[in-house]
Structure formats: C-alpha cells, structure tokens
Amino acid sequence: VVTRDGVEESLKANWQYVRDKEQLLEDLRSQIEETEQRLSVKQSERDYWLEYKNVGSKIDANKIMNLEKDIKEVKDHLHRTIEYYRNALKAVKEENDRLVERHMKISKEQALENALRYLDKNICREIQENEWLKEEVKMYQKEVSDLKASIQLLEAENISLVTKLIDGRLQNPRV
C-alpha cells in the first residue's frame, strides 16, 4: 500500500537527485571555467614569448615551442573536456527525464489504485453497473443494426413479391 507520504518521500528523493545532478553540473562548469582561465594564462605566456622571440632570442625558441605545444594540448584537453561534459550533461538530462516520467507513471497508477480502494461500495457498484450497461447498449445496438438489415431485406422481398403479383395480374387479369 502506497501512502501519500510515501509518494511525497519518493518525489522528494527524486528532487534531491535532480538537485545533486545540478550541483554536479555546476561543479563541471566551474572546472571548465578554471580550465579556460588556465588557457588564458598560457595564451598570455605564449604572447610574451613570441614577442621575446621576435626581438631576436634564439635561445628560448625551444621554450616557446614547448609552450605552444602546451597551449595546444590544453586547448585539445579543453575541447575534449567540454565534449565529455556536454555528453555527460545530455545523458544526465535524459536519465532525469526518464526517471521523472517513470515516477509520474507509477504515481498515476498508484493514485488510480488508491482512489478505487477508497471508493465506497455504492459507487463501486454504480461503476460496475455502468460498465455492464455499456456492454448491454453495445449488444442492443448490434441487434438494432441486425434488425434494420433484416427489415431492409424483407422490404426488398415484399417489393419484389408485390411487383410480381402486379405483373401477374396485368398479364392475367382474371386471377
């Protein structure tokens, strides 16, 4: 037996789950921002070293190349991380939607069952009688349509018999 408190606790648990997932998403966003800040720092270092290189320093050319590689790696890592978190967010949203939909379906079914359980006997009997009457109406409607079809056939047969009788009298007026 599922009570209202049980359903409310289940809903609270689902909402807490959604809040936890949203907190996770916020943490992921902050990590992305942190990575972007690191990228910005690396970019400024790269700019500094490019300026230094243009002045004529050949000694630090390897350092500049290494920093450029680092920047490229950080960018690649950022893109992979963004793609990963984007996919993770999509998966979490789909899972949340699926869980909420499943929970709503279960809640609806339980609400219907609870409502039926708490109906008094007279209303239950009325519902059963209503269903029975619906079935009876369907049977009578079928009988009515069958009778209408029979009537049409009989009328057509009567018309053909009357036509034959009139034709027979016209051909043999003595009868």
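None of these values were measured; they are calculated from a predicted model.

Reading guide: rules and limits
Residues numbered from 1 in each chain as written. Predicted model: local features only at pLDDT ≥ 70, side-chain atom pairs only at ≥ 80, totals over all residues. Heavy atoms only, no water. Helix = DSSP H or I, 4+ residues; strand = E, 2+ residues; numbered from the N terminus. Rg over C-alpha atoms; globule rule 2.2 N^0.38 Å. Buried < 20%, exposed > 50% of the residue type's maximum accessible area, 1.4 Å probe, protein only. Contact = heavy atoms within 4.5 Å. Areas by Shrake-Rupley, 256 points an atom, 1.4 Å probe, with all protein chains shown as cover. Lys, Arg positive; Asp, Glu negative; His and termini not counted. Charge placed at Lys NZ, Arg CZ, Asp CG, Glu CD. Expected span 1.5 Å × (residues − 1). Core = buried A, V, L, I, M, F, W, Y, C linked by side-chain atoms within 4.5 Å. Salt bridge = Lys/Arg side-chain N within 4 Å of Asp/Glu carboxyl O. UniProt positions renumbered as here; feature names shortened; annotations may be inferred.

Brief notes about the overall build of the chain
Now for step 1: What the chain contains, in helices and strands, is three helices and zero strands.
Now for step 2: Secondary structure of the chain in N-to-C order comes out as α-α-α.
Now for step 3: For a compact globule of 175 residues, the expected C-alpha radius of gyration is about 16 Å, and the chain comes in at 42 Å, more than 25% above that figure.
Now for step 4: Structurally, the chain occupies a C-alpha span of about 140 × 60 × 15 Å along its principal axes.
Now for step 5: Here the chain, with 175 residues, has 15% of them falling under the buried criterion.
Now for step 6: In the chain, 73% of the contacts between residues at least 6 apart in sequence involve partners at least 24 apart.
Now for step 7: Accessible area of the chain: about 15000 Å², with a carbon and sulfur share of 55%.
Now for step 8: Computed over 32 positive and 36 negative side-chain charges, the separation of the two mean positions in the chain equals 4 Å.

Focus: helix H1 (residues 4–55)
Now for step 1: Compared with an ideal rise of 1.5 Å per residue, which puts 52 residues at 76 Å, H1 spans 76 Å between its outermost C-alpha atoms and is within 8% of the ideal.
Now for step 2: Listing the buried residues of H1 in full gives Val18, Leu25, Leu28, Ile32, Thr35, Leu39 and Trp49.

Examining the environment of Leu50
Now for step 1: As for its placement among the helices and strands, Leu50 is situated in helix H1.
Now for step 2: We classify Leu50 as partly exposed; its relative accessible area is 22%.
Now for step 3: Here the alpha-carbon distance between Leu50 and Lys108, two residues 58 residues apart in the chain, equals 66 Å.
Now for step 4: Filtering out sequence-adjacent residues up to four positions away, Leu50 remains in contact with Ile64 and Glu68.

Looking at the nonpolar core
Now for step 1: Judged by nonpolar contacts, Leu25, Leu28, Ile32, Leu39, Ile71, Val74, Leu78, Ile82, Tyr85 and Leu89 together constitute the single largest core of ten residues.
Now for step 2: Of all elements in the fold, only H1 and helix H2 (61–117) reach the threshold of two or more residues within this core.
Now for step 3: Ranked by the residues each element gives to this core, the list is headed by H2, at six residues.

Observations regarding the pattern of salt bridges
Now for step 1: All told, the structure shown has seven salt bridges when counted by the stated rule.
Now for step 2: Residue Asp47 pairs with Arg46 through a salt bridge whose shortest N-O separation is 3.8 Å.
Now for step 3: A salt bridge links Lys134 to Glu131; the nearest nitrogen and oxygen atoms lie 3.9 Å apart. Remark: Glu131 and Lys134 occur in helix H3 (residues 121–171); sequence separation between them is three residues, near one turn of the helix.

Structural notes on the UniProt feature "coiled-coil region" (unreviewed entry) in the chain
Now for step 1: This chain's UniProt record puts "coiled-coil region" (unreviewed entry) on residues 18–45 and 82–157.
Now for step 2: From the first C-alpha to the last, residues 18–45 spans 41 Å; its make-up is 100% helix and 0% strand.
Now for step 3: The span residues 82–157 is 96% helical and 0% strand by assignment, and the distance between its end C-alpha atoms comes to 83 Å.

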